[in-house]
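Below are the chains, spelled out letter by letter.
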Amino acid sequence: MSSSTNSFDLIYQVVREIPAGRVTSYGAIAAFLGMKGGARMVGWAMNASHTIADIPAHRVVNRNGVLTGKNFFGGDRMQELLVSEGIRVQDDQILAFKSHFWDPSIELL
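Okay, so let's go over this structure. (Residues numbered from 1 in each chain as written. Predicted model: local features only at pLDDT ≥ 70, side-chain atom pairs only at ≥ 80, totals over all residues. Heavy atoms only, no water.)

**A short note on the overall build of the protein chain**
Part 1 of the argument: A count of helical and extended segments in the protein chain gives six helices and four strands.
Part 2 of the argument: When the elements of the protein chain are put in sequence order from the N terminus, they spell out α-β-α-α-β-α-β-β-α-α.
Part 3 of the argument: The C-alpha radius of gyration of the protein chain comes to 13 Å, within 12% of the 13 Å expected for a compact globule of 109 residues.
Part 4 of the argument: Of all 109 residues assigned to the protein chain, the portion counted as buried reaches 40%.
Part 5 of the argument: Put simply, of all contacts in the protein chain between residues at least 6 apart along the chain, 63% involve residues at least 24 apart.
Part 6 of the argument: By element, 51% of the accessible surface of the protein chain is carried by carbon and sulfur atoms, the whole surface being about 6100 Å². (Helix = DSSP H or I, 4+ residues; strand = E, 2+ residues; numbered from the N terminus. Rg over C-alpha atoms; globule rule 2.2 N^0.38 Å. Buried < 20%, exposed > 50% of the residue type's maximum accessible area, 1.4 Å probe, protein only. Contact = heavy atoms within 4.5 Å. Areas by Shrake-Rupley, 256 points an atom, 1.4 Å probe, with all protein chains shown as cover.)

**Comments concerning the pattern of salt bridges**
Part 1 of the argument: In total, this model carries five salt bridges according to the counting rule given.
Part 2 of the argument: The salt bridge involving R16 is made with D54; its shortest N-O contact spans 2.8 Å. On the criterion of sequence distance, the pair formed by R16 in the loop between helix 1 (3–15) and strand 1 (24–25) and D54 in the loop between helix 3 (39–48) and strand 2 (60–61) is long-range, its members being 38 residues apart.
Part 3 of the argument: Here D92 ties to K70 by a salt bridge, and the two come within 3.1 Å at their closest N and O atoms. Linking D92 in the loop between strand 3 (89–90) and strand 4 (93–94) with K70 in the loop between strand 2 and helix 4 (77–84), this pair joins segments that are 22 residues apart in sequence.
Part 4 of the argument: When salt bridges with common partners are traced through the structure, they connect K70, D76 and D92 into a single cluster. (Salt bridge = Lys/Arg side-chain N within 4 Å of Asp/Glu carboxyl O.)

**Some remarks on the packing of aromatic side chains**
Part 1 of the argument: Enumeration according to the criterion identifies two aromatic pairs in this entry.
Part 2 of the argument: Centroid distance F97 to F101: 5.5 Å. Interplanar angle 65°. Geometry classified as edge-to-face.
Part 3 of the argument: Classification of F97 as buried rests on a relative accessible area of 13%.
Part 4 of the argument: Residue class for F101 comes out partly exposed when judged on its relative accessible area of 23%. (Phe/Tyr/Trp six-rings, centres within 6.5 Å; stacked < 30°, edge-to-face > 60°.)

**Section: unusual backbone geometry**
Part 1 of the argument: Positive phi outside glycine occurs at D91, with the angle close to 50°.
Part 2 of the argument: With respect to the helices, strands and loops of the structure, D91 is situated in the loop between strand 3 and strand 4.
Part 3 of the argument: Backbone geometry at D92 places phi at a positive 60°, although glycine is not the residue there.
Part 4 of the argument: The class of D92 is partly exposed, set by a relative accessible area of 25%.

**Here we look at the environment of I94**
Part 1 of the argument: Among the structural elements, I94 can be located in strand 4.
Part 2 of the argument: On the basis of relative accessibility, which here comes to 3%, the residue I94 falls in the buried class.
Part 3 of the argument: Taking the C-alpha atoms as reference points, I94 and E107, 13 residues apart in sequence, are found 20 Å from one another.
Part 4 of the argument: Not counting residues up to four positions away in its chain, the partners in contact with I94 are V23, V61, G65, L67, L82, I87, R88, V89 and H100.

These values are about where atoms sit, not about what they do.
Pasting the structure below:
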């Protein structure tokens with residue numbers, strides 16, 4: 001197994017822990033996993049995860065709460081999934097982002 005596959009598996013383990021109605025960022029996952037500067041790797045993993053049913057990639061957004069990965073879901077699917085979990089989104093931005101933010105460095109201790 002390649003190192004990127006191992007990294008993706010670690011990323012997916014964290015993403016599976018994000019509860020419904022909460023979101024985290026690419027950078028927060030990378031920081032938790034000790035991947036300095038690894039936010040892009042997390043993004044690549046999320047982009048590659050859309051055929052894996054148990055990866056809630058829609059719960060991973062950028063550090064400002066913007067739905068930067070929405071194009072990989074097609075249309076407004078990412079927003080629809082977040083709204084179905086009680087998260088309000090306007091203009092591709094999560095409203096009250098801080099109140100929905102789930103930090104793996106705190107939650108997974």
